[in-house]
Protein chains: 2
Amino acid sequence: MSDEFSKRFFDYVDERKNLYIDRLAEAVAIPSVSSDLENHLVDINTMIAWTKGHIERLGGLTELVTNPAGTENRPLPPILCGSFVSNPHKKTVCVYGHLDVQPAAKDDGWDSNPFILTERDGKLYGRGSTDDKGPALSWLWVVEAHRELGVELPVNIKILYEGMEESGSEGIFEIIQRESAPGKFLNDVDFFCISDNYWLGKNKPCLTYGLRGIAYFQLSVRCCEQDLHSGVLGGTVYEAMTDLIQLMATLVDSSGRILVDGIMDDVKPVTSKEEALYNSIEFDVEEYKEENKIKSVSDKLLHNDKKSLLMARWRYPTLSLHGIEGAFSGSGAKTVIPSRVIGKFSLRLVPDQDPEKIARLVKTHVEQEFAKLGSPNRMELEYFHGAKAWLSSPNHPNYQAAAAAIKTVYGMEPDYTREGGSIPITSTMEDSTGMNVLLLPIGACDDMAHSQNEKYNVKNLMNGIKVLGLYLHELGKIKGPKPSDCRCVPLTLEELSIPGAFMKGFRCKCEI
Amino acid sequence: MSDEFSKRFFDYVDERKNLYIDRLAEAVAIPSVSSDLENHLVDINTMIAWTKGHIERLGGLTELVTNPAGTENRPLPPILCGSFVSNPHKKTVCVYGHLDVQPAAKDDGWDSNPFILTERDGKLYGRGSTDDKGPALSWLWVVEAHRELGVELPVNIKILYEGMEESGSEGIFEIIQRESAPGKFLNDVDFFCISDNYWLGKNKPCLTYGLRGIAYFQLSVRCCEQDLHSGVLGGTVYEAMTDLIQLMATLVDSSGRILVDGIMDDVKPVTSKEEALYNSIEFDVEEYKEENKIKSVSDKLLHNDKKSLLMARWRYPTLSLHGIEGAFSGSGAKTVIPSRVIGKFSLRLVPDQDPEKIARLVKTHVEQEFAKLGSPNRMELEYFHGAKAWLSSPNHPNYQAAAAAIKTVYGMEPDYTREGGSIPITSTMEDSTGMNVLLLPIGACDDMAHSQNEKYNVKNLMNGIKVLGLYLHELGKIKGPKPSDCRCVPLTLEELSIPGAFMKGFRCKCEI
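Residues numbered from 1 in each chain as written. Chains lettered and ligands numbered in written order. Predicted model: local features only at pLDDT ≥ 70, side-chain atom pairs only at ≥ 80, totals over all residues. Heavy atoms only, no water.

This part is about the sheet that holds strand 11 (residues 318-325) of chain A. Residue and element names in this part refer to chain A. Ordered in space as 11-13-9-14, the four strands form an open sheet in which the pairing is antiparallel. The outermost strands of the open sheet, each flanked by one partner alone, are strand 11 and strand 14 (378-387). The average undirected angle you get between the axes of adjacent strands in this sheet is 20°. Contacting strand 9 (213-222), strand 13 (340-349) and strand 14, helix 11 (residues 355-373) runs over the sheet at an angle of about 165° to strand 14. (Pairing = 2+ DSSP bridges. Helix = DSSP H or I, 4+ residues; strand = E, 2+ residues; numbered from the N terminus. Axes fitted to C-alpha atoms, helices over the stretch in contact; angles between N-to-C directions. Contact = heavy atoms within 4.5 Å.)

Below, the discussion takes up the environment of L438(B). Residues and elements named next belong to chain B. Mapped onto the fold, L438 is located in strand 17 (residues 436-439). Here L438 falls in the buried class, since its relative accessible area comes to 0%. Separated by 247 residues in the primary sequence, L438 and F191 have C-alpha atoms spaced 7.8 Å apart. Filtering out sequence-adjacent residues up to four positions away, L438 remains in contact with F192, C193, I194, L207, N398, Y399, A402 and Y471. (Buried < 20%, exposed > 50% of the residue type's maximum accessible area, 1.4 Å probe, protein only.)

The subject of this paragraph is the interface of chain A and chain B. At the junction of the two partners, chain A supplies 78 residues and chain B supplies 78 residues. Across the chain A to chain B interface the summed buried area is about 6,400 Å²; carbon plus sulfur atoms make up 55%. The largest per-residue losses of area from chain A upon contact with chain B belong to Y238(A), S254(A) and V297(A), which jointly make up 10% of the total buried on that side. One can count zero salt bridges joining chain A with chain B. The tally of links between chain A and chain B comes to 43 residue pairs in polar contact (both at pLDDT 80 or more). Broken down by element, the side of chain A that touches chain B gets its largest block of residues, eight residues, from strand 11 of chain A. Tallied by class, the residues present in the side of chain A that touches chain B amount to 33 nonpolar, 30 polar and 15 charged. (Buried area = accessible area lost by both parts, 1.4 Å probe. Salt bridge = Lys/Arg side-chain N within 4 Å of Asp/Glu carboxyl O. Polar contact = N/O pair within 3.5 Å; in protein donor to acceptor, adjacent residues only side chain to side chain. Nonpolar A, V, L, I, M, F, W, Y, C, P; charged D, E, K, R; others polar.)

Let us look at the side chain of D100(A). Residues and elements named next belong to chain A. Among the structural elements, D100 can be located in the loop between strand 3 (92-98) and strand 4 (118-120). Summary of buried charges: D100 has no salt-bridge partner, and the nearest side chain of opposite charge, K133, is 8.5 Å away. Residue contacts for D100: discarding those within four places in its chain leaves S32, S34, D131, E162, G163, M164, E165, E166 and S167. (Lys, Arg positive; Asp, Glu negative; His and termini not counted.)

What follows is about the pairing of strand 6 (residues 156-162) of chain A. Residues and elements named next belong to chain A. In terms of burial, strand 6 is a largely internal element, seven of the seven residues being buried. Of the two faces of strand 6, both are covered, the one formed by N156, K158, L160 and E162 as well as the one formed by I157, I159 and Y161. For strand 2 (residues 79-84) and strand 6, the ladder comprises five bridges, and the chain directions are antiparallel. Along strand 6, the bridge assignment pairs S83 with K158. Two elements, strand 3 and strand 6, share seven bridges in a ladder whose sense is parallel.

Take the domain arrangement of chain A next. What the domain assignment reports for chain A is domain 1 (2-194 + 424-497) and domain 2 (215-267 + 316-387). Distance from the C-alpha centre of domain 1 of chain A to the C-alpha centre of domain 2 of chain A: 40 Å. (Domains from an automatic or database assignment.)

With an RMSD of 0.1 Å, the operation that places chain A on chain B is a rotation of 180° combined with a shift of 0.1 Å along the axis. Interpreted geometrically, this transformation is the action of a two-fold axis. Of the interface residues in chain A, 100% have counterparts in chain B that sit at the interface too, so the contact is made through matching surfaces. (Least-squares fit on C-alpha atoms with pLDDT ≥ 70 in both.)

Residues and elements named next belong to chain A. Strand order in the open sheet formed by three strands is 4-5-18, and the pairing between neighbours is antiparallel. In this open sheet, the two strands that pair with only one neighbour each are strand 4 and strand 18 (455-457). Sheet twist, expressed as the average angle between the axes of neighbouring strands with direction ignored, equals 30°. Where strand 4 meets strand 5 (residues 123-125), three bridges bridge the pair, whose relative direction is antiparallel. Across the sheet, the residue bridging to R120 is K123, located in strand 5.

Next up on the list: the packing of helix 7 (residues 240-248) of chain A against helix 7 (residues 240-248) of chain B. It is the contact of helix 7 of chain A with helix 7 of chain B, at a shortest axis distance of 8 Å, that shows an interaxial angle of 125°. For the element pair helix 7 of chain A / helix 7 of chain B, the angle class is oblique. The chirality of how helix 7 of chain A crosses helix 7 of chain B is left-handed. Touching M241(A), I245(A) and M248(A) of helix 7 of chain A are M241(B), I245(B) and M248(B), all from helix 7 of chain B. Its residues assigned to classes, the contact of helix 7 of chain A with helix 7 of chain B shows six nonpolar, no polar and no charged. (Parallel < 35°, antiparallel > 145°, perpendicular 65-115°, else oblique. Left-handed = near helix turned anticlockwise from the far one by under 90°.)

Geometry of an aromatic ring pair is reported as the spacing of the ring centres plus the angle between the planes. For the coordinates displayed, the defined rule picks out 20 aromatic pairs over all chains. Note on Y20(B) and W141(B): the rings are 6.4 Å apart at their centroids and 15° apart in plane angle, and the pair reads as stacked. Within this pair, whereas Y20(B) is found in helix 2 (residues 17-28), its partner W141(B) is found in helix 4 (residues 129-149), the two being separated by 121 residues in sequence. We note that Y20(B), like W141(B), is buried. Aromatic ring contacts, followed pair by pair, group F5(A), F9(A) and F10(A) into a single cluster. R120(A) extends its terminal NZ or CZ atom over the ring of Y125(A), reaching a point 4.0 Å from the ring centre. For the cation-ring pair, R315(A) lies above Y316(A), with the distance from its terminal atom to the ring centre recorded as 5.0 Å. (Phe/Tyr/Trp six-rings, centres within 6.5 Å; stacked < 30°, edge-to-face > 60°. Lys NZ or Arg CZ within 6 Å of the ring centre and 35° of its normal.)

Once that is clear, we can look at the environment of D100(B). Residue and element names in this part refer to chain B. Given the relative accessible area of 0%, D100 is considered buried. Sequence-wise, D100 and M47 are 53 residues apart; in three dimensions their C-alpha atoms are separated by 8.0 Å. Within polar-contact distance, the side chain of D100 engages the side chain of S34 at 2.7 Å. Reaching out from D100, the side chain makes a polar contact with the backbone nitrogen of E166 at a distance of 2.8 Å.

Let us look at the UniProt feature "domain: Peptidase M20 dimerisation" (unreviewed entry) in chain A. Per the UniProt record, "domain: Peptidase M20 dimerisation" (unreviewed entry) is annotated on residues 209-371 of chain A. Taken end to end, residues 209-371 of chain A comprises 33% helix and 21% strand; its first and last C-alpha atoms sit 42 Å apart. (UniProt positions renumbered as here; feature names shortened; annotations may be inferred.)

Time to look at the side chain of H40(B). Residues and elements named next belong to chain B. In this fold, H40 is placed in helix 3 (residues 37-57). A polar side-chain atom of H40 sits 3.0 Å from the main-chain carbonyl oxygen of P31. In this view, H40 contacts P31 and V33; residues no more than four positions away in its chain are not counted.

All names here are of chain A. It is the contact of helix 2 (residues 17-28) with helix 4 (residues 129-149), at a shortest axis distance of 10 Å, that shows an interaxial angle of 130°. Viewed along their axes, helix 2 and helix 4 adopt a mutual orientation that is oblique. Both helix 2 and helix 4 take part in a crossing whose hand is right-handed. In this structure, helix 2 uses Y20, R23, L24, A27 and V28 to contact helix 4, whose residues at the interface are S129, K133, G134, L137, W141 and E144. Among the residues making up the contact of helix 2 with helix 4, the classes are represented as six nonpolar, two polar and three charged.

This next bit is on unusual backbone geometry. For the peptide bond that leads from D131(A) to D132(A), omega is 10°, which places it in the cis range. Within the secondary structure layout, D132(A) lies in helix 4. Positive phi, normally seen in glycine, also occurs at D352(B), with a value near 80°. With respect to the helices and strands, the residue D352(B) is situated in the loop between strand 13 (340-349) and helix 11 (355-373). The partly exposed category is assigned to D352(B), whose relative accessible area is 45%. The backbone phi angle of M448(B) is positive, close to 60°, even though this residue is not glycine. Counting through the fold element by element, M448(B) comes out in the loop between strand 17 and strand 18 (455-457).

Written out as structure tokens, the structure is:
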């Protein structure tokens, strides 16, 4: 039946290309910019209402959940929950997406109005086209196809769409924790799927099974209560900036080696099984340099072979120095001795590295190094925020379902990739529910999310809808009990709500 | 006669205390803020016209010289030249002052309206009271006193007042060079006197005979063409910020030691004669810490005895790290790998250090250190601007004239001080004319120029007028030819105009 379905489904989708483009154009035309709520809250709410209307038109139930992070003086857009639940015994997938976008203006260097979807050479240019309106809305067109083709949905679908993702996802973490409690919206979800990242390259699909964590620090040094004149006072005071620069120089060397003792202790060695995953990955080091505008400057990376480079991005920690607050940062010259300077740096963490432990190691390090300086100034290290790395298994049935769908649509196995950045909602979903989360990117690496001329290939739009549709069917084929029925470790709401607790697998230690 | 004069003069001045305060109040009420020409050019011009009126009332000649740095779209206030020349055979002193002020607003933390001169506890609070309206205008009250007492001025006086000093003295450098040519306004000046700095302490007068020079640098490192995401790219690129921090850390250590090879080569050792000058200087290290708000933070200076501390400020070079352009400098967290970062640092230079040579040493240093890093990034050092240190002799007749005046008024010898900062006009006057420049401060160290609650002690106002008046009489006693008549080395206008040329002594190699 699946083969028969996929043929009918593909034909159906192919016939509606212009419809999908028109609808994406409608969505892109709503400037739902979440970084400017004063001007665009109304647009985000419009975008959410537009989407809610489609869910209801397709027979789904909807609820607008008040954003718990909003206040009377600063209201935030609600979270849109939708559901297509036909049979409680079927497995349930929760799909996440966001309906807000990054800011954009023609003047920033766009070749066409960012809020008028414009097709050039098979590419649909517009803000939000790939991030994340295109992928997010595709789930609805999948449901629509089933409805119009008279095919029952193979799994129940729960929809979780937010309008604040580009501005820190305010409120949704709390909602996810709350709605994971027994009897609540997310409690019977068996699989999560997020389509909000990108392929590693331009042509080959991938599935993403790991994200790095983070530990962000602020290192401050103060030498006096007010800024001083370097002519008048220079030579008489222990300057805060001198101390800070000395300290920052002890954190990382030019080759990227982290100089903090013990920082690599919990980094697992590469197994041959893991290494094998990298062999088949389609990735071009030269293209990477080109895309990131490194080629024209230094044309040299820290690692110049594919495997080392990807491992450095995905499975090894790094330390970056971001900047200094309180020092002179303008153009031109200012002869100031800053009174207090705050160095900003962060480590990207990998699985098994505990941010709290990393924070202790960094603290010990800077205290030892500061003692060596013999400075009377006041030094303080603040562990600003942290998040554990996230790692899933490409072998999980959720991933294998997506892989099978991709194989049918694209005729090739996906690459299994990780990402160097963090997507905090991923861990929140997994920690709160114990269920597996799949990152299923639809867009290509050159889609320029967050940048000028963001685009979504027509090919990716069309194939994306097909992949998402078949993925549901592959999920439907999974045998055994619903993973969310597994109660091998009972959890209370309190336990689920511990901020930062790493509860992966709590609900499902057993094999499904 | 001088003794008789000084008694009559002192009585005359003492009787007019309220008049002097009223006139200073009139001047302070004109908000001649040169950093905000859009709103205050008219006020600067009013202040200049007010002063011009007084000069003319007292029988002086005036000329408003068009500011050569002004344009049609951005007009600048003129330079006010005045003269009281009674006899071309008398010696001529040129007195410099400025009529513009720093910005000020009650909201910044002033205890009273900064543009309403307010007396509290013998202190006159108001913007410009000490910097520089109080001292600058005092010359006029000295002339007025001679006129009203029927005493001939012992020297010719030329007045040079500008309205852009707080904003880089635009235009006046060119004027000074131009007017130093044969036959021009400054060509027959024998002595210069600037009253625009401050005592070292609160109670004891001083004369300032040295200023440090400067060499300002911008050190840039670029790793790519656009900022990168530290999660996505971290671990793959040679980060510009890492290189810059490593380089900046090689410039100076926490104890203030400059780590650039050869930097101390031209610093003269302290002679016993020079050292002796420091013995009598009234300076309290504890008060210094208190005033500069260092005490409450670290309570420790690089040097904790008077002599070492003053030498570190005045006669040794220093290196300060001011900040970084292009890196993250805001509050909070941003996970950026900046593409190009520009470190700002400067050295304060002392006599015999040539800024150009220092720039070469710094260049060699950063190039060597950068080579050690083995980074493929693009490093560039820019020598942004420089100025030689300025050093005069406390034994010059110009200084000794002021010292004698101070002794009569205060009953004590002045301290001979240097300053850590730079006052570029000083070198320009000396270089252009070859004549000696005296820095004769009138205000106290705690007058808070440029800061909130700027004030001028009534005592300093009154004694200041007396000192300036007697100084003219001491100048009048100097025997021998006019120093400006000395033509031992003839100079062309071209030679006088070489920017940055150090022409001290060109016009007067002979002893006067």
